[in-house]
Amino acid sequence: MKATFHKYMLDFKRPSGTSRGVMTEKETWFIVLEENGKKGIGECGILRGLSADDREDYEEKLQWTCDNIHLGEKALWDALLEFPSIQFGVEMAFLSLRSEDPFVLFPSHFTNNSASIVINGLVWMGEASFMKEQIEEKLATGFNCIKLKIGAINFEKELELLAFIRSHFSAEQIEIRVDANGAFDLNEALGKLNQLNKYQLHSIEQPIKKGNISAMADLCKTTPFPIALDEELIGIFSLEEKEALLQKIQPKYIILKPSFVGGFKGTKEWIDLADKYQIGWWITSALESNIGLNAIAQWTFLQNSKMPQGLGTGALYTNNFDCPLEVVEGQLWYSKTKDWDFDFLSSL
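Residues numbered from 1 in each chain as written. Predicted model: local features only at pLDDT ≥ 70, side-chain atom pairs only at ≥ 80, totals over all residues. Heavy atoms only, no water.

The name an unreviewed UniProt entry gives the protein is O-succinylbenzoate synthase, with Flavobacterium tructae as the organism.

Peer 1: Break down the overall build of the protein for me, with residues and values.
Peer 2: When its secondary structure is counted, the protein shows 12 helices and 13 strands. A compact globule built from 348 residues should have a C-alpha radius of gyration of about 20 Å, and the protein, at 20 Å, falls within 12% of that. Principal-axis analysis of the C-alpha atoms places the extent of the protein at approximately 60 × 45 × 35 Å. Burial status across the protein gives 57% buried among its 348 residues. If you take every contact in the protein between residues at least 6 apart in sequence, the share linking residues at least 24 apart comes to 69%. Approximately 14,600 Å² of the protein is accessible, and the part contributed by carbon and sulfur atoms is 48%. Here the protein carries 35 positive and 49 negative side-chain charges, and the mean point of each set is 3 Å from the other. (Helix = DSSP H or I, 4+ residues; strand = E, 2+ residues; numbered from the N terminus. Rg over C-alpha atoms; globule rule 2.2 N^0.38 Å. Buried < 20%, exposed > 50% of the residue type's maximum accessible area, 1.4 Å probe, protein only. Contact = heavy atoms within 4.5 Å. Areas by Shrake-Rupley, 256 points an atom, 1.4 Å probe, with all protein chains shown as cover. Lys, Arg positive; Asp, Glu negative; His and termini not counted. Charge placed at Lys NZ, Arg CZ, Asp CG, Glu CD.)

Peer 1: Quick one: what's the story with the UniProt feature "domain: Mandelate racemase/muconate lactonizing enzyme C-terminal" (unreviewed entry) in the protein, residue by residue and with numbers?
Peer 2: Feature annotation in UniProt places "domain: Mandelate racemase/muconate lactonizing enzyme C-terminal" (unreviewed entry) on residues 128–226, given in this structure's numbering. When the span residues 128–226 is considered, its composition is 45% helix and 13% strand, and the gap between its end C-alpha atoms is 25 Å. (UniProt positions renumbered as here; feature names shortened; annotations may be inferred.)

Peer 1: Lay out the domain arrangement of the protein with the relevant residues and their values.
Peer 2: Once the domains are mapped, the protein shows domain 1 (2–98) and domain 2 (117–334). Distance between the C-alpha centres of domain 1 and domain 2: 23 Å. Taken together, the contact between domain 1 and domain 2 spans 33 residues of the former and 37 residues of the latter. A combined buried area of about 3,000 Å² lies between domain 1 and domain 2, and 67% of that area is made up of carbon and sulfur atoms. Seen at the junction of domain 1 and domain 2, the total is 1 salt bridge. Between Lys265 and Asp78 there is a salt bridge, with the nearest N and O atoms lying 3.8 Å from each other. (Domains from an automatic or database assignment. Buried area = accessible area lost by both parts, 1.4 Å probe. Salt bridge = Lys/Arg side-chain N within 4 Å of Asp/Glu carboxyl O.)

Peer 1: Break down the packing of aromatic side chains for me, citing the residues and quoting the values.
Peer 2: Using the criterion set out here, one finds 15 aromatic pairs in the structure. With centroids separated by 6.0 Å and ring planes inclined at 85 degrees, the aromatic side chains of Phe155 and Phe184 adopt a geometry described as edge-to-face. Taken together, the residues span a long stretch of sequence, with Phe155 in helix α5 (residues 155–168) and Phe184 in the loop between β7 (175–179) and α6 (189–196) at a distance of 29 residues. The two residues Phe155 and Phe184 agree in class, both being buried. Taken together, the ring pairs connect Phe5, Trp29, Tyr58 and Phe83 into an aromatic cluster. A cation over a ring is seen here: Arg14 above Phe130, with NZ or CZ 3.6 Å from the ring centre. (Phe/Tyr/Trp six-rings, centres within 6.5 Å; stacked < 30°, edge-to-face > 60°. Lys NZ or Arg CZ within 6 Å of the ring centre and 35° of its normal.)

Peer 1: Describe helix α4 (residues 128–140), listing the residues and the values that go with them.
Peer 2: The terminal C-alpha atoms of α4 lie 18 Å apart, and with 13 residues this matches the ideal 18 Å at 1.5 Å per residue to within 8%. If you check which residues of α4 are buried, you get Phe130, Met131, Gln134, Ile135, Lys138 and Leu139. Backbone geometry just after α4 places Gly142 at a positive phi near 95 degrees. (Expected span 1.5 Å × (residues − 1).)

Peer 1: I'd like to hear about the sheet that holds strand β9 (residues 227–229), residue by residue, with values.
Peer 2: With respect to topology, 7 strands assemble into an open sheet ordered β5-β6-β7-β8-β9-β10-β11, the strand pairing being parallel. Whereas interior strands pair on both sides, the edge strands pair on one side only; in this sheet they are β5 (121–123) and β11 (280–283). With strand direction ignored, the average angle separating the axes of adjacent strands in the sheet is 25 degrees. Against the sheet, α4 makes contact with β5 and β6 (145–149), and its axis sits at roughly 170 degrees relative to β5, the strand it touches most. (Pairing = 2+ DSSP bridges. Axes fitted to C-alpha atoms, helices over the stretch in contact; angles between N-to-C directions.)

Peer 1: Which residues make up the pairing of strand β2 (residues 21–35), and what values do they have?
Peer 2: Regular strands have side chains that alternate between both faces of the sheet. Note that β2 and strand β3 (residues 38–44) share 7 bridges and pair antiparallel. Following the sheet pairing, Glu35 is matched in β3 by Lys38. Adjacent in sequence and paired antiparallel, β2 and β3 are bridged by 2 residues, among which Asn36 carries a positive phi angle near 55 degrees.

Peer 1: I'd like a description of unusual backbone geometry, backed by residues and values.
Peer 2: Of note in this structure, Asn181 is not a glycine but carries a positive phi near 50 degrees. Along the chain, Asn181 falls in the loop between β7 and α6.

Peer 1: I'd like a description of the pattern of salt bridges, backed by residues and values.
Peer 2: For side chains of opposite charge, pairing can occur when their charged atoms come near one another. Within this structure, the stated rule accounts for 19 salt bridges. Between Glu73 and Arg98 there is a salt bridge, with the nearest N and O atoms lying 3.2 Å from each other. Here Arg98 lies in helix α3 (residues 84–98) and Glu73 lies in helix α2 (residues 73–79), a separation of 25 residues in the sequence. Classification of Glu73 by relative accessible area gives partly exposed; the value is 24%. Classification of Arg98 by relative accessible area gives exposed; the value is 54%. The partner of Glu243 in a salt bridge is Lys276, and the shortest N-O contact between them spans 2.7 Å. Of this pair, Glu243 sits in helix α8 (residues 239–249) while Lys276 is found in helix α10 (residues 263–276), placing the two residues 33 residues apart along the sequence.

This is the structure in structure tokens:
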């Protein structure tokens, strides 16, 4: 078996804002396996400035992985514990190599186009007018769950945007999730949550920066509406550490990004613990290309979650890969009328 890795830069159609700054491009890496004339591909979806494996030796570790591909999937996953995005790329590449179709990793009613995945409509940070434009577009195209990134513009403006949605749609009609990406100051977080509460929000992701475990635990006890942990899960590698974190903070929800938490195996560990402690969860992509998004979507469908998932980011880039994934009225479908860009895989 031969393994190689390849860097690819994804270009945003429009600069995309979070509380950590504005992104114009996104680096990703592909691991390609080749055996007996067949190829398999996996995406290592690192996000610089956020991923636990954003390290100087990242490319060196990719080379080590390819040099030691003979160790097999399980041994490599264990050896790559501190490189969750490479764990995911390896899992995906082996699945792709073993599959009859290198892009159908988990055959199901989803991949045969007879069932879909309900997803949230993501509203990116930006000027209030741009955010309002996105909200209107999401509502007009049939989304029943809207997720707003907040924490970058004036808080009063963000409240006005929430008021705009609620003036047209009740909580029963439209579910609103907000994601602060850790933007709230520790001293002001509870006050802001109380202000947000009047808009009947489903939940808020990561109101304060990760690592403030005691403060987050206190906030989860006093918040007027549910808190979901997101960044807080990044860099928590062992099963014991994962369980200790959930026991200490006791969140209502956790949000799972396979590229950040060790692929499917790492995500399943979090799901099992969440179920044990009666914590809700949903799965989201982490700005991967359509190759990574496709794998996450297929696996997510098999988890049988009824909650809207965060999987609608494939249309953000100018140079993404043609694929069957299609969003229709707030649902992700695996279309029979679209196909993969096989030329990309054959060129690697």
